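Architecture at a glance
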Amino acid sequence: MTFQDCLIVQRESGWSLIVGSETETLSADATMEELATCVEVMSRLAGLKRFQCVLAPASTSCFFVQLNVPVDTDLRDRVELTYALEDHLPIDAESMVADFQPIPPPSVPEPQQLDAKSVAAVSLPLEPWRTLAERLETAGITVRAIVPASLLAVGVLAAQDDLSSDYLLVEGGFCDWISVHRGIVVDWKRVPLDSASLERQLALRPSEADRTVIVTDDSEVVAQLESVFKKSEIVDRSLEPLQLQGTEQVLKRRLRTFDLRREQLGPPDPLRPIQTPVRLAFASAIALLVAIAFAGWFRTQRIEAAITDLQVEQQSLFREAFPDTRVPAALLRRVRSEHARVMASRGRSGDVDLPVSGHTVLSQLIMALPDDLRYRVTKIEIDNGNVDLELQVRSPVDAGTLASRLSTAGFIVKPPVTTQSDAKTFDSTLEAEWSGTVSSQTTVSLHWSPMQESRG
């Protein structure tokens, strides 16, 4: 799959622009307006409509510091850490943006390291990057990240590296000497590409890395570096493909590196870093509302279908009872009228007996069950006021207590039938009928005793 986004790389000789399949080079004195206009033209030529952009400053535009702070310093306080950088950089805190990563402590720390923390810091001046980012955003081009170009390449090489490694990235007459420990950049120097300078740096800072990796496709430079670094690995590649690969990983959030798209260089929308989760949450909320609406509609359809079936059944029964009579519109009123007429002819009231509400009986039953007695209800069956209750108790006396409570609550209760399930459990069955009233005292005398119970 080809590159489908935008990468703007600052180099010593100028600007390198890659937009999709299109590439362009501008001089170092090109204005930010010219850069943004060139990106717009290249995106149309590449056929890209919605894409994201990564800005990659050159090493000469960035500052790297290994900062030692007190052990009680809150590493999440970026403002405090940024002001701490002023003592190490020729730029004030208000004119720069910095990103920080804690450096893992050594396995055997020295005594002076016990009272301090080490933090790797990369900083960048606000201009011209703020102007460029704002101009691109105005054109509708999303600037996703600002990552130094050298760190894009190193991030790809060190992604699967568990060792302490020194990476020498050769570009022009210089090389970026970047030390990585456990995936964290712990040192970064830009050294002239000559043996004397390299040997001087090696003498000042003896390499403690497990390996040295030289990244260049120039065989003459490889021979020169191998004369200084006796044991080294060669990556025969130019930096641009590695930077493109690093850009893709940054856009997919797979590369852990310094990102200077923050604070004053941050995006105009503060929710942009979490826009994907926000969109997913919004889509989930819409899906939930649609599901609730569909469930309500489906339930309404089921109820209407049940009502229709009931009406059809009522009409069918009416035709059977009155075969020569047209089915009236007010069917229920007609049935009640006929029922009242028949009952009156028998000398009885014409009121139609309605079934007892199961919901009412269940509510009264639950309120009548005691909360100061241990028992387990295994079955409740309610049919027109008649209750069949199966439960487990610790003794037959508890079953009698439950029956008394139900009787007091307005139920007509038969003596419980209790059988022993095991050494500590009895199965009991209670049959009761809801009388419709709550008694002030026990309405039923239960004539039974544990001696009459059957033993399982």
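Attention here is on the structure that accompanies the text. Chains are numbered independently. Their residues run from 1 in the order of the written sequence. Whole-chain, interface and lining totals are the exception, using all residues; otherwise, since this is a predicted model, local features are given only for residues with pLDDT of at least 70 and side-chain atom pairs are given and counted only at 80 or more. Side-chain figures throughout are based on the complete set of non-hydrogen atoms in the structure, without hydrogens or water.

1. Quick look at the pairing of strand β14 (residues 375–383)
The condition that has to hold: Here the rule is simple: two strands pair whenever DSSP picks up at least two bridges between them. By the criteria applied, helices consist of DSSP H or I runs no shorter than four residues and strands consist of E runs no shorter than two, each listed in order from the N terminus.
Bridging between β14 and strand β15 (residues 386–393) involves 8 bridges; their strand directions are antiparallel. Paired with R376 across the strands is Q392, a residue of β15. The turn linking β14 back onto β15 is made up of 2 residues, and N384 within it adopts a positive phi angle of 55°.

2. Let's talk about the state of the cysteines
Which entries qualify depends on this criterion: Disulfides are defined in this document as cysteine sulfur pairs within 2.5 Å. The cut-offs for exposure are 20% and 50% of the maximum accessible area for each residue type, with area from a 1.4 Å probe on protein chains only; residues under the lower value are buried, those over the upper are exposed, and the others partly exposed.
Evaluated as defined, the whole model comprises 0 disulfides. No disulfide involves C53; its sulfur sits 3.4 Å from the nearest other cysteine sulfur, which is in C6. Here C53 falls in the buried class, since its relative accessible area comes to 0%. The closest cysteine sulfur to the non-disulfide-bonded C175 is located on C62, 16 Å from its own sulfur. Residue C175 is classed as buried on the basis of its relative accessible area, which comes to 0%.

3. Structural notes on the packing of helix α1 (residues 32–46) against helix α3 (residues 129–138)
The condition is simple: Angles here are taken between N-to-C directions and fall from 0 to 180 degrees, while the axes themselves are lines fitted to C-alpha atoms, restricted in helices to the stretch in contact. By convention the crossing between two helices is left-handed if the near helix lies anticlockwise of the far one by an angle smaller than a right angle, and right-handed if it lies clockwise. The contact criterion used throughout is that any non-hydrogen atoms of two residues lie within 4.5 Å. Gly counts as polar in this scheme, as do all residues outside two lists: the nonpolar Ala, Val, Leu, Ile, Met, Phe, Trp, Tyr, Cys and Pro, and the charged Asp, Glu, Lys and Arg.
Two elements in contact, α1 and α3, have axes whose closest approach is 9 Å; the angle formed by their N-to-C orientations is 35°. Relative to α3, the crossing made by α1 is right-handed. Across the interface between the two elements, M32, E33, L35, A36, T37, V39 and E40 of α1 pack against T131, L132, R135 and L136 of α3. Tallied by class, residues from the contact of α1 with α3 come to 6 nonpolar, 2 polar and 3 charged.

4. Looking at the pattern of salt bridges
Short version of the rule: For salt bridges, the criterion is a side-chain nitrogen of Lys or Arg within 4 Å of an Asp or Glu carboxyl oxygen.
A complete count under the given rule lists 16 salt bridges for this structure. In this structure, R130 engages E127 in a salt bridge whose closest nitrogen and oxygen atoms are separated by 3.2 Å. With relative accessibility at 28%, the residue R130 sits in the partly exposed group. For R190, the salt bridge is made with D176, and the minimal N-O distance between the two is 3.0 Å. Within this pair, whereas R190 is found in strand β11 (residues 184–192), its partner D176 is found in strand β10 (residues 174–181), the two being separated by 14 residues in sequence. R190 sits in the partly exposed class, given a relative accessible area of 26%. For D176, a relative accessible area of 1% corresponds to the buried category. A single salt-bridge network, built from bridges that share partners, covers R11, E171 and E240.

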